[in-house]
Amino acid sequence: MADTKEEPTSFYDDEENLKKLCDFLRSKEGPPVREAVLMEKRVHYLKGEKLVNFLAEPKKGVKWPAKLPRFSDRQEAIAVCKELCKLQYLLRSEKKGKGELSVNRMVRDFDEAGYFTWLYEGDKTFSHMMTTGLVIGFLFCTCFPIWPTFLKVFVWYMSVSFLLFIFFLVTVRALLFLFVWILGYDFWLLPNLFDESLGFVESFQPVYSFEPTKAGQLPYRVGVAVAFFSFCYWAITQPSEFDGFISAQGDFLSDLYAGKLLSDTSQQDKENIDKPKVQSLNDLLKSLDEEEKHDPLEEVSEEEQVDSLLDNLLDDEEDIDEEEE
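Each chain has its residues counted from 1, running along the sequence as written. The model is predicted, so local features are restricted to residues of pLDDT at least 70 and side-chain atom pairs to those at 80 or more, both for listing and for counting; the totals for chains, interfaces and linings are taken over all residues. Note that water and hydrogens are dropped before the side-chain values are worked out from all heavy atoms of the structure.

A. View of the overall build of the protein. Helix and strand definitions here come from DSSP, where helices need a minimum of 4 consecutive H or I residues and strands a minimum of 2 consecutive E residues; each element is numbered from the N-terminal end. Tallying secondary structure elements over the protein gives twelve helices and seven strands in all. Restricting to contacts in the protein with at least 6 residues of sequence separation, those with at least 24 account for 59%. Surface exposure here means Shrake-Rupley accessible area, sampled with a 1.4 Å probe, where a residue is shielded only by the protein chains that are shown. As presented, the protein carries roughly 25,600 Å² of accessible surface, and 59% of it is formed by carbon and sulfur atoms. Should any heavy atoms of two residues lie within 4.5 Å, those residues are considered in contact.

B. Geometry of the sheet that holds strand S3 (residues 90–97). Spatial strand order, S1-S2-S5-S3-S4: five strands in a closed barrel with mixed pairing. The sheet shows a mean angle of 55° between the axes of neighbouring strands, direction not considered. Of the pairings in the sheet, the one linking strand S1 (residues 34–38) to strand S2 (residues 41–47) comprises five bridges and is antiparallel in character. Among the inter-strand pairings, Arg34 is bridged to a residue of S2, identified as Tyr45. Axis definition: a line fitted to C-alpha atoms, limited for helices to the stretch in contact. Angles are taken between N-to-C directions and run from 0 to 180 degrees. Seen against the sheet, helix H3 (residues 48–56) touches S1, S2, S3 and strand S5 (115–118) and runs at an angle of roughly 60° to S2. Being paired, for any two strands, means DSSP has found at least two bridges between them.

C. Local environment of unusual backbone geometry. Pro206 follows Gln205 through a cis peptide bond whose omega is -10°. Residue Glu40 is not a glycine yet carries a positive backbone phi of 60°. One can find Glu40 in the loop between S1 and S2. Positive phi outside glycine occurs at Leu190, with the angle close to 55°. Relative to the elements of secondary structure, Leu190 occurs in the loop between strand S6 (185–189) and strand S7 (208–212). For Leu190, a relative accessible area of 14% corresponds to the buried category. For the exposure calls, accessible area comes from a 1.4 Å probe over protein chains only, and a residue counts as buried if that area is under 20% of its type's maximum, exposed if over 50%, partly exposed in between.

D. Main features of the packing of helix H2 (residues 15–25) against H3. Here H2 crosses H3 at 105°, and the two axes come no closer than 13 Å. Classified by the interaxial angle, the pair formed by H2 and H3 is roughly perpendicular. The residues of H3 that touch H2, namely those facing Leu21, Phe24 and Leu25, are Leu51, Phe54 and Leu55. Ten residues, namely Ala, Val, Leu, Ile, Met, Phe, Trp, Tyr, Cys and Pro, are considered nonpolar, four, namely Asp, Glu, Lys and Arg, are considered charged, and the remaining ones, Gly among them, are considered polar. In the contact of H2 with H3, the residues fall into six nonpolar, no polar and no charged. Roughly parallel refers to an angle under 35 degrees, roughly antiparallel to one over 145, roughly perpendicular to one between 65 and 115, and oblique to any angle outside these ranges.

E. Seen up close, the pattern of salt bridges. A pair is scored as a salt bridge if a Lys or Arg side-chain nitrogen falls within 4 Å of a carboxyl oxygen belonging to Asp or Glu. Scanning the model with the defined rule gives five salt bridges in all. A salt bridge links Lys19 to Glu16; the shortest N-O distance between them is 3.9 Å. Residue Lys19 and its partner Glu16 are both found in helix H2; the two are separated by three residues, about one turn of the helix. Relative accessible area serves as the criterion here: at 46%, Glu16 is assigned to the partly exposed category. One salt bridge connects Lys28 with Glu202, and the closest N-O pair in it is separated by 3.4 Å. You can see Lys28 sitting in the loop between H2 and S1 and its partner Glu202 sitting in the loop between S6 and S7, a full 174 residues away along the chain.

F. Examining H2 more closely. Three or more residues of H2 are buried, namely Asn17, Leu18, Leu21, Cys22, Phe24 and Leu25. Along the long axis of H2, the arc covered by the buried residues comes to 160°, so they all point the same way. What the arc measures is the spread of directions leading from the helix axis to the C-beta atoms.

G. Fine view of a positive patch on the surface. Every patch collects residues that have over 30% relative accessible area and no salt bridge, joining them within 9 Å if they carry like charges and within 5 Å if they are nonpolar side chains (Val, Leu, Ile, Met, Phe, Trp, Tyr). In this count, Lys and Arg are taken as positive residues and Asp and Glu as negative ones, while His and the chain termini are left out. Taken as the charge location is NZ of Lys, CZ of Arg, CG of Asp or CD of Glu. Where like charges cluster on the molecular surface, the positive patch consists of Arg34, Lys50, Lys59 and Lys95. Within the secondary structure, Lys50 sits in helix H3.

H. Spatial organisation of the state of the cysteines. Criterion for a disulfide: a pair of cysteine sulfur atoms within 2.5 Å. Scanning the model with the defined rule gives zero disulfides in all. Counting only cysteine sulfurs, Cys81 is the nearest neighbor of Cys85, a cysteine outside any disulfide, at a range of 7.2 Å.

I. Seen up close, a negative patch on the surface. A surface patch of negative charge is lined by Asp13, Asp14, Glu15 and Glu83. By the element assignment, Glu83 lies in helix H4 (residues 74–86). Here Glu83 falls in the partly exposed class, since its relative accessible area comes to 31%.

J. Quick peek at the side chain of Arg221. You can see Arg221 is positioned in helix H7 (residues 218–237). Here Arg221 is buried and forms no salt bridge, its nearest opposite-charge partner Asp186 lying at an N-O distance of 7.8 Å. Under this definition, polar contacts are N or O atom pairs within 3.5 Å; protein pairs additionally need one hydrogen-donor-capable and one acceptor-capable atom, and for neighbouring residues in sequence, both atoms have to be side-chain atoms. A polar contact is formed between the side chain of Arg221 and the side chain of Thr213, at a distance of 3.4 Å. In contact with Arg221, not counting residues within four places along its chain, are Trp181, Ile182, Leu183, Gly184 and Thr213.

Put into structure tokens, the structure is as follows:
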């Protein structure tokens, strides 16, 4: 029992105290809930009996808040649950199908045999702060073209470092799993790292998992071990320039951080990539001057020009004589 002289029924008459109780029930220490879809919205629900059992007879290990008085019997717990329904913190629901709920419009009072959906969402201050931060972050990212150069370089370095860290982590996880799996055990470093159904903190729990492999995998382990170590032996015995390989990897990382893995287009060409490529007036005048300088008629001598004119006249006279005949 909690060290309080106030009875639960009188304590929970105050709506603020009921909100404190709901905050505790909606926390990780509260009763387990299930997810479903109600009116095209994902919600959490639980059975009334489980809620009453949790309030009246909480299991061992539950960290009940010291400021909240415990319930002495089920009747007190049921009375508080009815009050939660009246305040619309809980909504009476019906199972429509697997993972789907519907609102029970006929009966809305609390009943241990019914299902109830949580409508109470608690204090919205943190949610509003996160939404504001998300909007500010979005606007900040959309203004990337006008960021100062040092900030762009910083973001680039952070992105490349994060990418290399993820690649290194995935490679180490895979190699550790392979080596230990060959010995007959399943070892995963951060086994829930890529589990999309878990939250951010839960994705890093536990740090590792170590279990024996399932029966019947011995032939596969032997085959993989032979293939892997044979490849390693072949790679080691092949003539190679290890210093050159290390140097190439260093150059690759340097180019990656410097942003030189893309084409060597100048910065001006990158900035003007969307602009129409029209020559300016100065460029047109220069091109005309160059054409005049390289005019083929100027390169022909005067004698050659006279000979060419005479040849043209003779050809014209021959054409006239042929027409008269």
